[in-house]
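Here are the chains, one letter per residue:
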Amino acid sequence: MVALVFVAAACGPVAEPPKPLAATGEWRDFEGSWNAAGTRRTIPLGADRRGSIIDLRGTMLLTGPGRPGVGFRSEAIALVDSETGLQGRSVWTDERGDQVFSELKGEGTAAKNHITGALLGGTGRYAGVTGSYEFSWHYVIEAEDGSIQGRAVGLKGRFRPGQPTAGGAQP
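Residues numbered from 1 in each chain as written. Predicted model: local features only at pLDDT ≥ 70, side-chain atom pairs only at ≥ 80, totals over all residues. Heavy atoms only, no water.

Peer 1: Can you explain the overall build of the protein? Please cite residues and give values.
Peer 2: A count of helices and strands for the protein gives 1 helix and 8 strands. Element order for the protein, N to C, with α for helix and β for strand: α-β-β-β-β-β-β-β-β. Among the 171 residues that make up the protein, the fraction classed as buried is 32%. Counting only carbon and sulfur atoms, one obtains 57% of the accessible surface of the protein, whose full area is about 10,500 Å². (Helix = DSSP H or I, 4+ residues; strand = E, 2+ residues; numbered from the N terminus. Buried < 20%, exposed > 50% of the residue type's maximum accessible area, 1.4 Å probe, protein only. Areas by Shrake-Rupley, 256 points an atom, 1.4 Å probe, with all protein chains shown as cover.)

What follows is the structure, encoded as structure tokens:
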């Protein structure tokens, strides 16, 4: 009976160790989708110019073998000037609570809404990460009360993991 238990245990599934993010210095490509909702507050800055503050929260899902993670809760804040463009910041939080930080820049107009992101590092397994990503923003809902919903179109990028932290440093 004891031998049967050992045989059954030996044939069971083997737990896979967590996969490392990627080798330090190696560029990894990813694509994905980002859907978010939030608010926009707008003020007039003359006849044909306006300024807005945007606060968005949503979900980012990444695809491709090089992705830094599968799913993230995403948050972004931005200042948009219809003449000079968009400046903002974003944080992505994965299922473990590890975060990726980025800076957003873009044209910020309806005709030219191409936005680029520069990865500024992060916490946990994303500490020291660098890279970039880009997308165009498409508004799905723009209500008079300032409520907005939208999605990123053509989200793609690349990243390079940072140096291991002191706890995981190689000798």
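Peer 1: I'd like to hear about the environment of Arg67, residue by residue, with values.
Peer 2: Structurally, Arg67 can be placed in the loop between β2 (50-63) and β3 (71-81). Given a relative accessible area of 32%, Arg67 falls into the partly exposed group. Sequence separation of Arg67 and Gly32 is 35 residues, and the distance between their C-alpha atoms is 9.0 Å. Look past the residues within four positions of Arg67 in its chain and what remains in contact with it is Asp29, Phe30, Leu62 and Phe159. (Contact = heavy atoms within 4.5 Å.)

Peer 1: Could you give me a rundown of the nonpolar core, with the residues and numbers involved?
Peer 2: Counting residues in each nonpolar core, the largest one holds 26 residues, and the members touching the most others are Trp34, Trp92, Tyr133, Phe135, Trp137 and Leu155. Mapped by element, the contributors of at least two residues to this core are β1 (28-44), β2, β3, β4 (85-93), β5 (99-106), β6 (114-122), β7 (130-142) and β8 (147-160). Contacts of Trp92, omitting those with residues within four sequence positions, involve Phe30, Met60, Leu62, Phe72, Arg73, Ser74, Asp98, Gln99, Val100, Ser102, Leu119 and Tyr133. (Core = buried A, V, L, I, M, F, W, Y, C linked by side-chain atoms within 4.5 Å.)

Peer 1: For the pattern of salt bridges, give the residues involved together with the corresponding values.
Peer 2: Enumeration according to the criterion identifies 10 salt bridges in this entry. Members of the salt-bridge network, linked through shared partners, are Arg49, Asp81 and Glu83. (Salt bridge = Lys/Arg side-chain N within 4 Å of Asp/Glu carboxyl O.)

Peer 1: Tell me about the packing of aromatic side chains, and please be specific about residues and values.
Peer 2: Under the definition given, this model contains 10 aromatic pairs. When the centroid spacing of 6.3 Å and the interplanar angle of 70 degrees are considered together, the rings of Phe135 and Trp137 count as edge-to-face. When the centroid spacing of 6.3 Å and the interplanar angle of 80 degrees are considered together, the rings of Trp137 and Tyr139 count as edge-to-face. Take Trp137: its relative accessible area is 9%, and that puts it in the buried class. Grouped by ring-pair contacts, the aromatic residues Phe30, Trp34, Phe72, Trp92, Tyr126, Tyr133, Phe135, Trp137, Tyr139 and Phe159 constitute a single cluster. If you follow Arg40 out to its NZ or CZ, it ends over the ring of Tyr139, 4.9 Å from the centre. Sitting above the plane of the Trp27 ring, Arg158 keeps its charged end 4.3 Å from the centroid. (Phe/Tyr/Trp six-rings, centres within 6.5 Å; stacked < 30°, edge-to-face > 60°. Lys NZ or Arg CZ within 6 Å of the ring centre and 35° of its normal.)

Nothing here speaks to function; it is geometry throughout.
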